[in-house]
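# Examination of the molecular architecture
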Amino acid sequence: AGSSDAGSSDAGSSDAGSVVSCDPNTQPITLYSASDGGIVQQPVVSDGTVFIATTDTVVTVPVAGGADGVLAQESTPHGLAVLSGLVYFAGLEIVPSMNAMVPAESVPTFYQVPVGGGAASAVPGIGSFVPLASDDTSLYLDAGAGRIVRWNPTSNVSVDLDFDLT
């Protein structure tokens, strides 16, 4: 008693100059484990749900744990961002060839799907941008070549953000 080690009753307390410590006896829980292909993108958390992109699926898992569900099945989903009840992500649309001798084509596509489920749909006019983040009104998209675009889906207005990379 009275010691300052992790097992004392002081664990978890903090003052202005220290960081709150975690209970060393608390173990992390596995919310989701991908069996084929692994997780290919960092999870995104929104309103109590974890959204995870795997090789060909966007999966949802409650933050508190529980059963996972499939939100969307598209080829190579990545760059998840959540805004106004929609999950946005980049992926590849597989376009079958009209000629049996020519393989199908993979076209970079920007998708949206309602957070509660439904069909994923391509967002017209966005093309191959990859979502990076979102705020209360906009998505921030990787436009390639060191460019980031802020896009507001409600107004469909996009603005290139200037960065001094020197």
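What counts, and at which threshold
- Residues numbered from 1 in each chain as written.
- Predicted model: local features only at pLDDT ≥ 70, side-chain atom pairs only at ≥ 80, totals over all residues.
- Heavy atoms only, no water.
- pLDDT = per-residue confidence, 0-100.
- Helix = DSSP H or I, 4+ residues; strand = E, 2+ residues; numbered from the N terminus.
- Contact = heavy atoms within 4.5 Å.
- Pairing = 2+ DSSP bridges.
- Axes fitted to C-alpha atoms, helices over the stretch in contact; angles between N-to-C directions.
- Salt bridge = Lys/Arg side-chain N within 4 Å of Asp/Glu carboxyl O.
- Core = buried A, V, L, I, M, F, W, Y, C linked by side-chain atoms within 4.5 Å.
- Buried < 20%, exposed > 50% of the residue type's maximum accessible area, 1.4 Å probe, protein only.
- Phe/Tyr/Trp six-rings, centres within 6.5 Å; stacked < 30°, edge-to-face > 60°.

### Quick look at the confidence of the model for the protein chain
Averaged over every residue, the pLDDT of the protein chain is 81; the share at 70 or more is 81%. Across the protein chain, element-level confidence peaks in strand E4 (residues 69-72) with a mean pLDDT of 94 and bottoms out in strand E10 (residues 139-144) with 90. Considering only residues more than four positions removed or in separate chains, one finds that residues 1-20, a stretch of pLDDT under 50, has nine contacts.

### Brief notes about the sheet that holds E10
Here four strands make up an open sheet; going across it, the order is E9-E10-E11-E12 and the pairing antiparallel. For this open sheet the edge positions go to strand E9 (130-134) and strand E12 (157-161), each flanked by a neighbour on one side alone. Each neighbouring strand pair of the sheet contributes to a mean axis angle of 30 degrees, computed without reference to strand direction. In the sheet, E9 pairs with E10 via four bridges, with the strands oriented antiparallel. The residue of E10 that forms the bridge with Pro-131 is Leu-141.

### Description of the pattern of salt bridges
Inspection of every chain in the model, using the stated rule, returns one salt bridge. Residues Asp-160 and Arg-147 are paired through a salt bridge, measuring 3.0 Å at the closest nitrogen-oxygen approach. Taken together, the positions of Asp-160 in strand E12 and Arg-147 in strand E11 (residues 147-152) put the pair 13 residues apart, joining distant regions of the chain.

### Some remarks on the sheet that holds strand E6 (residues 86-95)
Strands sit in the order E5-E6-E7-E8 across an open sheet of four strands; the sheet is antiparallel. Both outer strands of the open sheet, strand E5 (75-83) and strand E8 (121-122), are each paired with one neighbouring strand and no more. Summarising the sheet, E5 and E6 pair through five bridges and their orientation is antiparallel. Paired with Ala-81 across the strands is Tyr-88, a residue of E6.

### Focus on the nonpolar core
Core analysis: the largest hydrophobic core is formed by twelve residues, namely Val-44, Phe-51, Ala-53, Val-58, Leu-71, Ala-72, Leu-80, Val-82, Val-87, Phe-89, Tyr-111 and Val-113. For this core, the elements supplying multiple residues, two or more each, are strand E2 (49-53), E4, E5, E6 and strand E7 (105-114). Counting residues in hydrophobic clusters, the runner-up holds nine residues, among them Leu-83, Val-123, Ile-126 and Leu-139.

### Let's talk about the environment of Val-45
Structurally, the position occupied by Val-45 is in strand E1 (residues 44-46). For Val-45 and Pro-62, which are 17 residues apart along the polypeptide, the C-alpha to C-alpha distance reads 9.3 Å. The contact partners of Val-45, leaving out residues within four places of it in the chain, are Val-50 and Val-63.

### As for the packing of aromatic side chains
Counted according to the given criterion, the structure contains four aromatic pairs. Seen in terms of ring centroids, Tyr-88 and Trp-151 are 6.0 Å apart; in terms of plane orientation they differ by 90 degrees. Their pairing is edge-to-face. Of the two residues, Tyr-88 is situated in strand E6 and Trp-151 in strand E11; the sequence distance between them amounts to 63 residues. Exposure remark for Tyr-88: the relative accessible area of 3% places this residue in the buried category. Take Trp-151: its relative accessible area is 4%, and that puts it in the buried class. Three or more aromatic residues link up through ring pairs in this structure, and these residues are Tyr-88, Phe-110 and Trp-151.

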